[in-house]
Amino acid sequence: MPAYRSPSRRLRRSRGALLAGALASTAALILTGTGTAVAAPPAPDERVRPGQAWMGAGTRIEQGPASSGGVTPMDTSGVQGIDVSHWQGAINWGSVKAAGIDFAYMKATEGTTYKDSRFSANYTGSYNAGLIRGAYHFARPDVSNGATQANYFASSGGGWSKDGKTLPGVLDIEHNPYGAMCYGLSTTQMRTWINDFYNTYKARTTRDAVIYTTASWWNTCTGNWTGMAAKSPLWVAHWGTSSPNIPSGFPTWTIWQYTATGRVSGVSGDVDRNKFNGSMARLQALANNTA
């Protein structure tokens, strides 16, 4: 005869099983990247969802993932930096600093409504570890004018003090990862959009916005525009080469993103690596707004 089990014992066991199942499901979600663990960016053949773009999401379309590994050996000399977003997950900034990284940029905003989920942690953590750090805005010229996005960025991208530790903000404007390369704008409209962003950001922060782009995108979508060369430092993205192509009008590069598949202690998985075109004193001058 089977042993008698009280209804209360059966209920306790059922609740225990449900709790265990819930915990297992939560763990599975974390392990698959929807929690705090690292989640890989969408594969080249997968759709990037609004708000989820990162610095290089459009560059990958233009230059191809095969070029993201850079040249061997990579140019890791001089003043080195990384750029990150929520895709890198939690970062040990002390280890990053100890690995010889001097500066870091992190995604702050995109369009008019998206703020990167790791921005606050990255912005504070990198500063506390002794890196010179800054924020970038992923441009969406297809959803609003430049002034609106500059205001959103200025209000959500951290502090803009000229303290030798805070770099000027970056306008990340590259091949559209969501659709038409130039976001449906003519070259004249694109020039207006960029100029409006710059002027609004400058009025709000007194800082000159850095422009992240590629030679191909800039020359195509702005019509070889030279109008920003005297105002904005250039951050050029060109992977898999020993010397980057420079967009029309810019005399040289200030920062060069030379790979999208770099490795740095303290960061799990791939991370964009960058080189500053100058000495540490010049980088500090840029952070002081005196460069």
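Let us look at the structure shown here. (Residues numbered from 1 in each chain as written. Predicted model: local features only at pLDDT ≥ 70, side-chain atom pairs only at ≥ 80, totals over all residues. Heavy atoms only, no water.)

### Observations regarding the pairing of strand 8 (residues 255-262)
And step 1. Within strand 8, seven of the eight residues are buried, leaving the element largely enclosed by the surrounding structure.
And step 2. Across three bridges, the pairing between strand 7 (residues 234-237) and strand 8 is parallel. Its bridge partner lying in strand 8, Trp235 is registered against Ile255.
And step 3. By the bridge criterion, five bridges tie strand 8 to strand 9 (residues 271-276) in an arrangement that is antiparallel. Paired with Trp256 across the two strands is Lys275, which belongs to strand 9. (Buried < 20%, exposed > 50% of the residue type's maximum accessible area, 1.4 Å probe, protein only. Helix = DSSP H or I, 4+ residues; strand = E, 2+ residues; numbered from the N terminus. Pairing = 2+ DSSP bridges.)

### Digging into the packing of aromatic side chains
And step 1. Enumeration over the complete set of coordinates arrives at 13 aromatic pairs.
And step 2. Taking 6.4 Å as the distance between ring centres and 25° as the angle between the ring planes, the aromatic pair formed by Phe153 and Phe197 counts as stacked. Taken together, the positions of Phe153 in helix 5 (residues 146-156) and Phe197 in helix 6 (residues 187-205) put the pair 44 residues apart, joining distant regions of the chain.
And step 3. Look at Phe153 and you get buried, because its relative accessible area is 0%.
And step 4. Members of the aromatic cluster, each reached through a chain of ring pairs, are Phe153, Trp160, Trp193, Phe197 and Tyr201.
And step 5. Across the ring face of Tyr123, the terminal group of Arg133 is positioned such that the distance to the ring centre comes to 3.7 Å. (Phe/Tyr/Trp six-rings, centres within 6.5 Å; stacked < 30°, edge-to-face > 60°. Lys NZ or Arg CZ within 6 Å of the ring centre and 35° of its normal.)

### Side note on the state of the cysteines
And step 1. In the structure shown here, the tally under the stated rule is one disulfide.
And step 2. The partner cysteine of Cys182 in its disulfide is Cys221, sulfur to sulfur 1.9 Å. Residues Cys182 and Cys221 are joined by a disulfide whose S-S torsion is about -75°; by sign, that bridge is left-handed. Note that Cys182 is positioned in the loop between strand 5 (170-172) and helix 6 and Cys221 in helix 7 (residues 215-221), a separation of 39 residues in sequence. For the pair formed by Cys182 and Cys221, the shared burial category is buried. (Disulfide = S-S within 2.5 Å.)

### Considerations on the side chain of Thr59
And step 1. Looking at the secondary structure, you find Thr59 in helix 2 (residues 57-63).
And step 2. Within the local environment of Thr59, its side chain forms a polar contact with the side chain of Tyr212, the two groups lying 3.2 Å apart. (Polar contact = N/O pair within 3.5 Å; in protein donor to acceptor, adjacent residues only side chain to side chain.)

### So, the pattern of salt bridges
And step 1. Throughout the structure, instances matching the rule amount to five salt bridges.
And step 2. Glu110 is paired through a salt bridge with Lys107; the nearest N and O atoms lie 2.7 Å apart. For the residue pair Glu110 and Lys107, the accessibility class agrees, reading buried in each case.
And step 3. Between Lys202 and Asp208 there is a salt bridge, with the nearest N and O atoms lying 2.7 Å from each other.
And step 4. Given the relative accessible area of 32%, Lys202 is considered partly exposed.
And step 5. With relative accessibility at 22%, the residue Asp208 sits in the partly exposed group.
And step 6. A network of salt bridges, in which partner residues are shared, links Lys107, Glu110, Arg140 and Asp142. (Salt bridge = Lys/Arg side-chain N within 4 Å of Asp/Glu carboxyl O.)

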